[in-house]
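# Residue-level structure breakdown
Listed here are the chains, written in short residue letters.
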Amino acid sequence: MPLAAVAEGPMPHQYSNIFDPVSVTGHQIKDISWFVIGICALIFLITQGILLWCILKFRARPGDDGRDPPQIYGSTPVEVAWTIVPMIIVVVLFLATARTIAEIQIEEPPEEALVVDVVGHRWWWEFKYPEYGITTANELHIPTSTPENWRPTFLRLLSQDVIHSFWVPRLGGKSDVVPNKENWLWYDTPTAGMYLGQCAEYCGTQHAHMLLRVYVHTPDEFAVWVADQQKADVEDPKVAAGRELFQKTACINCHTLGGTVANGTYGPDLSHFMSRKTLGAGVALNTPENLRAWIEDPQALKPGCRMPNMKLTELEVDHIVDYLLTLQ
Amino acid sequence: MDGPIGTASETAPVSRWVTVHDWATTTDHKKLGVMYIGAALFFFGFGGLEASLMRIQLAFPDLQFLAPETFNRMMTMHGTTMVFLVGMPMLFGSANYLIPLQIGCRDLAFPRLNSMGFWLFFLGGCLLYFSFLGGDGLYGAGTAPDVGWFAYAPLTGKAFSRGNSTDYWILGIMVSGLGSTMTALNLVTTILCSRCRGMTFSKLPVFTWIMLVDFVLVLVALTPLTAAQFMLLFDRFLGSHFFDTQAGGSAVLWQHFFWIFGHPEVYILILPAFAWASEIIPVFSRKVIFGYSMMVYATLSIGFISLGVWAHHMFTVGLSPSANTFFAASTMLIAVPTGLKIFNWLATMWGGKIRFELPMLFSTAFLCQFVIAGLTGIMLSVVPFDWQLSDSYFVVAHFHYVLIGGLLFMFFAAVYYWYPKVTGRMLSRKIGHLHFWIFLVGFNLTFGPMHGSGILGMPRRIYTYDAGRGWDIFNLMASIGVAVQAIGILFFVWNLYWSARNGEEAGDDPWDAWTLEWTTTSPPPAYNFEELPVVHSRRPLWDRKHPEDPDWKYE
């Protein structure tokens, strides 16, 4: 796969600082965030300065005359002032907020957009590209978008079971993934790379391992990825045993493999499975050893996940692993 | 009677059983107040233990100390406990004890209802904790709830929450809420109807004013929660589909119901801190509270606005831009009266002669930490900022600064302030200082770094995380912080115990204070006052101590 441009170390990772965004929306959020943080820092300094001054200046000292200080019951001008000034700050902040909301909360994809259906499952992500007829899981691939070659990605978020939340900090913003409710989130980024995300809404046992990765490719690379995903899987005679086993056991009740009888939808679609970097929604890197461990006992790697221990023999696991390894 | 709060202790010693029976059947508002605080501390132990277990699990990446289900139960029970079984009884305990004394009457309007309110609250808490004993069906009961204290649908539906854990959550909170409703009604009635002669609304101590607003909020806010819990029970047992999304129900509906309770609840919990601060800061600054009427109006507007901001918990749920804009505005607006209170407390300190006794130390920390909490709150009201940081550790940091930096610090201040009234003895200053400094460090070490892990993209409610995302150091600091906090709390509990026996005798008015509770003996007799007081101003004791320059001249 010609994806060398996407730099990547071993399991995992990288920082996902919200102040280091790579998308248009991310930058807008960053700008307004610094604005509000600046205002708040100023308020903090003022109030704490007064507090500190009071502590230092007005503390009772030994040797005082013991009489109470002058009693001041209030002062209308002062109180009016510190009602009105915060009001003005609130109005300014509100206007800035309203403007940013209007600019980035867009719910209708423009014609140029790439639309991807994101389906939240317990505890993995399904990505469908209606335009290309591709289905994949846990790793979202999207093209860059530049002013010359504008192609924002619009994600149509749906949930299959409970509420999840789609959050890739550096791409900007999050949106809940709610059953019976269609939500939209869009990215518009000129910067290729890999960005980590994670489910942000508590969704049960394995909420912690509902990770996702977004690969942003240049348009050319993206086209290559799409073409690769659209290819039919190779029928390798050397792994016929594994293929047969896969189709005979319960694997196919949950998993789909493009072009075969396997068309289960409960678990992730495994077509081109080896093009994915991780296993079990980010629980481990997708290496042959990890894959083997996963098939032997998914519950050991991800306790509580929906894939049961299939209780396969050593030899059967070998066959299945060999087979899966061919699904480039 | 050998209890520290006993009344007629001159008589012959009585058996332990009689003492227990006496407390269990009491209708004395003071004893019930102490029982509420005792219950709060009791459940605080559980809530703190759950928090500690979670922090051990999160101290290092990929640790396998708790199983994911266990972590999720700890997370759920910690939140539920701290909100309903610790925060609420702190409020009810202090109000129960102090309000009749402050407004110069002998008891609450309905003393037996008060007792029933307490026992229902306590029963609800026990029912919730009984779920642990269910341990995978030991009593055929399922096990402790694991759906989060917010119990979002459809995770709480029959399809995703089998067994009875969610039912325990519903019934425990419902029973406890029933008790809270009774007590709130009782206290509202008491404040409205039982004030002593001369105590008009404009002469009500600020503490009582704030509590009045608080109890009205309790009545208004608990109702939608109870309604939603009934609907959820119907879904779970009677086959209705309010929140059952697989049959077309709505997940967002639950959130509206829950947060129209849940947001006012935050104010229900923080208003007592304001009430305590408004008593303590003036007394230790030796000045009358600055801008009494503004304080009252600010409280009323906080109470009112808090009912119209609930959807700021739902900025990421996909509401329309106009709804998001409206709720951003109402949320920001609430900062104005809250800020006003901060400024009024600072103005009260300004020009005073501040005595840094323990209650004032805790109040000062409150004035710093609560401002941080308020400011991060303003940040989160900026919807796009919230789109990044809602459900991240930044939010965890924010509301722990509200509830611990605000409520708990002021609770400690209040305990140090009123303990002499309740027991007749002072709390040890030496142990108190250890408690203060250790807890201050532990608290900030725990929750300060969480702002950072949130900004680096750490979602809340995850039981583990991978190394190398920049979260490790923040999490380790937080976990160490919890241990430090626990040491601070142990000093506090030790102080409560030790000082009850060995503390310095307090006398009636050890702080040279101004409200009516300090006119009676410490501890007060069962009937509170030999003769019901008559007041002429907001600070009746000031008038008595300064006959040459009484308060009523200026009010």
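Described in the following lines is the structure provided in the data block. If you're wondering where the values come from, they're calculated on a predicted model, not measured in any experiment.

## Considering the overall build of chain B
Regarding its fold elements, chain B presents 16 helices and 0 strands. Here the C-alpha coordinates of chain B stretch approximately 70 × 55 × 45 Å along the principal axes. Sorting the 555 residues of chain B into buried and exposed places 66% on the buried side. Partitioning the intrachain contacts of chain B with sequence separation of at least 6 by distance along the chain shows that 80% fall at a separation of at least 24. Accessible surface computed for chain B: about 18300 Å², of which carbon and sulfur atoms make up 69%. Across chain B, the 31 positively charged side chains and the 34 negatively charged ones have centroids separated by 4 Å.

## As for empty space enclosed by the protein
It is the rolling of a water-molecule-sized probe over the atoms that shows where space remains empty. Inspection of the entire model under this criterion finds 7 cavities of 30 Å³ or more. Of the pockets and cavities examined, the largest cavity occupies roughly 250 Å³. Lining the largest cavity are 19 residues, and of these A:Q105, A:K174, A:W184, A:L185 and B:W387 sit closest to its centre. Where the lining of the largest cavity is concerned, the elements lending two or more residues are α1 (24-57), β7 (174-177) and β8 (183-187) of chain A. Counting residues per element, the lining of the largest cavity draws most heavily on β8(A), at 4 residues. Tallied by class, residues from the lining of the largest cavity come to 8 nonpolar, 9 polar and 2 charged. Along the walls of the second largest cavity sit 15 residues, with B:S278, B:E279, B:I289, B:R538 and B:R539 positioned nearest its centre. Looking at the lining of the second largest cavity, the element that brings in the most residues is helix α7 (residues 251-285) of chain B, giving 4 residues. Taken together, the residues of the lining of the second largest cavity sort by class into 10 nonpolar, 2 polar and 3 charged.

## What to know about the sheet that holds strand β6 (residues 164-167) of chain A
Residues and elements named next belong to chain A. On the basis of which strands lie adjacent, the open sheet formed by 5 strands has the order β4-β10-β9-β6-β7 and mixed pairing. This sheet does not close on itself; its edge strands, each paired only once, are β4 (139-143) and β7. In this sheet, adjacent strand axes meet at a mean angle of 25° when their direction is disregarded. Relative to the sheet, helix α3 (residues 219-230) contacts β4 and β10 (211-217), its axis offset from that of β4 by approximately 135°.

## Some points on the interface of chain A and chain B
Facing 89 residues of chain A, the contacting portion of chain B comprises 96 residues. Summed over both partners, the interface of chain A with chain B buries about 7800 Å², with 67% contributed by carbon and sulfur atoms. Of all residues in chain A, A:Y73, A:W82 and A:Y202 bury the most surface against chain B, accounting for 11% of the area lost on that side. Notably, a salt bridge pairs B:R286 with A:D68, separated by 2.9 Å at the nearest N-O pair. Run the count over chain A and chain B and you get 35 residue pairs in polar contact (both at pLDDT 80 or more). Residue assignment for the side of chain A that touches chain B shows that the elements contributing at least two residues are α1, α2 (76-104), β7 and β9 (193-199) of chain A. It is α1(A) that provides the largest number of residues to the side of chain A that touches chain B, a total of 15 residues.

## Some details on the packing of aromatic side chains
All names here are of chain B. Across all of its chains, the model carries 75 aromatic pairs over all chains by this definition. Between the aromatic rings of W494 and Y497, the centroid separation amounts to 6.0 Å while the plane-to-plane angle is 35°, which identifies the pairing as tilted. Of the two residues, W494 and Y497 are both situated in helix α15 (residues 472-502); the distance of 3 residues between them amounts to about one turn of the helix. A relative accessible area of 44% means that W494 is categorised as partly exposed. Take Y497: its relative accessible area is 49%, and that puts it in the partly exposed class. The ring centre of F201 lies 4.2 Å from the NZ or CZ of R195, which sits over that ring. One residue, R538, lies across the ring of Y292, its end atom 3.6 Å from the ring centre.

## A short note on the environment of B:A159
Residue and element names in this part refer to chain B. Position of A159 relative to the elements: it lies in the loop between α4 (111-133) and α5 (165-193). Relative accessible area serves as the criterion here: at 32%, A159 is assigned to the partly exposed category. Residues A159 and K430, spaced 271 residues apart in sequence, show a C-alpha to C-alpha distance of 55 Å.

The rules we used
- Residues numbered from 1 in each chain as written.
- Chains lettered and ligands numbered in written order.
- Predicted model: local features only at pLDDT ≥ 70, side-chain atom pairs only at ≥ 80, totals over all residues.
- Heavy atoms only, no water.
- Helix = DSSP H or I, 4+ residues; strand = E, 2+ residues; numbered from the N terminus.
- Buried < 20%, exposed > 50% of the residue type's maximum accessible area, 1.4 Å probe, protein only.
- Contact = heavy atoms within 4.5 Å.
- Areas by Shrake-Rupley, 256 points an atom, 1.4 Å probe, with all protein chains shown as cover.
- Lys, Arg positive; Asp, Glu negative; His and termini not counted.
- Charge placed at Lys NZ, Arg CZ, Asp CG, Glu CD.
- 1 Å grid on protein atoms, 1.4 Å probe; cavity = no way out; pocket = protein on both sides within 12 Å on 5 of 7 lines; lining within 4 Å.
- Points joined across faces, edges and corners; volume = space filled by probe spheres on them.
- Nonpolar A, V, L, I, M, F, W, Y, C, P; charged D, E, K, R; others polar.
- Pairing = 2+ DSSP bridges.
- Axes fitted to C-alpha atoms, helices over the stretch in contact; angles between N-to-C directions.
- Buried area = accessible area lost by both parts, 1.4 Å probe.
- Salt bridge = Lys/Arg side-chain N within 4 Å of Asp/Glu carboxyl O.
- Polar contact = N/O pair within 3.5 Å; in protein donor to acceptor, adjacent residues only side chain to side chain.
- Phe/Tyr/Trp six-rings, centres within 6.5 Å; stacked < 30°, edge-to-face > 60°.
- Lys NZ or Arg CZ within 6 Å of the ring centre and 35° of its normal.

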